[in-house]
Structures are given as structure tokens and as C-alpha cells.
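# Results of the structural survey
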Amino acid sequence: MIQKFMASGQFEEGTKFVKVGSRNKKAVWEVFCPACETSGISTLDNLQQGKRPCSCGTARQKEAYINFVKGCAGPVAVKFGIANKSEIRIRNQNSRCIYEVENFGVWEFETKKSCLAAERECKQTLECGVLTKEEMPDGFTESTWALNLDKIISIYQKHGG
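Keep in mind it's a predicted model, so treat the numbers as computed, not measured.

## A closer look at helix 5 (residues 149-158)
Buried residues of helix 5: L149, I152, I153, I155 and Y156, and no others. Taken end-on, helix 5 shows its buried residues confined to a sector of 160°, consistent with a single buried face. Along helix 5, exposed side chains directed more than 90 degrees from the buried face belong to D150 and K158. Tucked inside the fold, the buried residues of helix 5 contact strand 4 (63-71), strand 5 (74-83), strand 6 (100-108), helix 4 (112-125) and strand 7 (143-144). Among the residues trailing helix 5, G160 stands out with phi positive, at a value near 100°.

Laid out in C-alpha cells, this is it:
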């Protein structure tokens, strides 16, 4: 089973897996991650899909992106946020948004912590939620006016992006 977990490509070399029992008829494993040096418990199914139960988990975001949200007459708003794989994130946003979502840029951060700090500062200092949930169900709370573009870039750079 451990070979199948590692074959997902989502686990660091040196990850330790120990089967600890079962829950709801599913095998349960304890996983130690050498990247964040924490352990977590997960089911067989989740591990085979590469889902990490440690502090890295799905929150391995080290990318901060800026996307233009465009209507017929041009940009309606700017969507900022963080992702693990920004190309997948924009595809998901486009599939649910009434506007076209187009990537402006992606900033890479050295750590998840600095990436999260940049997003948090954007949320705290910019007027956000300029789009409604009906317009952009996936991420409307991180939408802001296009005139904030330079401020977002400055915040990303300040935090190492």
C-alpha cells in the first residue's frame, strides 16, 4: 500500500506510514510528514489519492495569484488568492463564474506561511467582496476593484513573492 501512496507523487521522500486500525470499515493510517514534521490520521482512500493529513495537507499553497475578472467591456474586478496549483484554480473559477476569469500573474513564495500572510494582508487592507456569490461562487470574498492591482502586487512582493 505504501508504494501506492508514494506513487501519487504527493508525499515527500521519508514520509512514514503506519496502519493503525479502521474506521467505518476503512483502513486508517498514521502518517508522519518530514516536510512539516507533523503527523496526521487518514483513510486508505484519501492516501491513495495523495491527500496529506499533516500540516501541509491541502494547504500547501505557495502561490499567490491575481486574476482579472472580465465582462464584455473589460475588467469588472480583480480576484486575488492563494493556490497549490494556480492553473487548476483558475479553471475551477472559470467553470462557475458568470464572467471570464483570466490570469494576470502568479507569485511564488518560499513558505506557506509567507504566502498566507500576503493573502491575509490583502484581505485586511483592501475593499473585498466587490463581486457577489451569485457572480463568482468560488472566491468572491477575495474580489476587489481593478484599481487595487498595484497594491496587491506590492503586498505580494513585501512578503517575498
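Anyway, onward from the coordinates.
## With respect to helix 4
For an α-helix, the turn length of 3.6 residues means that residues three or four places apart are oriented alike. End to end, helix 4 covers 20 Å across 14 residues, agreeing with the expected 20 Å (1.5 Å per residue, within 8%). Of the surrounding elements, those touching the buried residues of helix 4 are strand 4, strand 5 and helix 5.

## What to know about the side chain of N67
Position of N67 relative to the elements: it lies in strand 4. At 2.9 Å, the side chain of N67 forms a polar contact with the side chain of N103. N67 has contacts with A77, V78, K79, I90, Q93, V101, E102, N103 and F104, leaving out every residue within four places of it along the chain.

Conventions and cut-offs
- Residues numbered from 1 in each chain as written.
- Predicted model: local features only at pLDDT ≥ 70, side-chain atom pairs only at ≥ 80, totals over all residues.
- Heavy atoms only, no water.
- Buried < 20%, exposed > 50% of the residue type's maximum accessible area, 1.4 Å probe, protein only.
- Helix = DSSP H or I, 4+ residues; strand = E, 2+ residues; numbered from the N terminus.
- Arc of directions from axis to C-beta.
- Contact = heavy atoms within 4.5 Å.
- Expected span 1.5 Å × (residues − 1).
- Polar contact = N/O pair within 3.5 Å; in protein donor to acceptor, adjacent residues only side chain to side chain.

So far we have only geometry, and geometry alone does not tell us how the molecule works.
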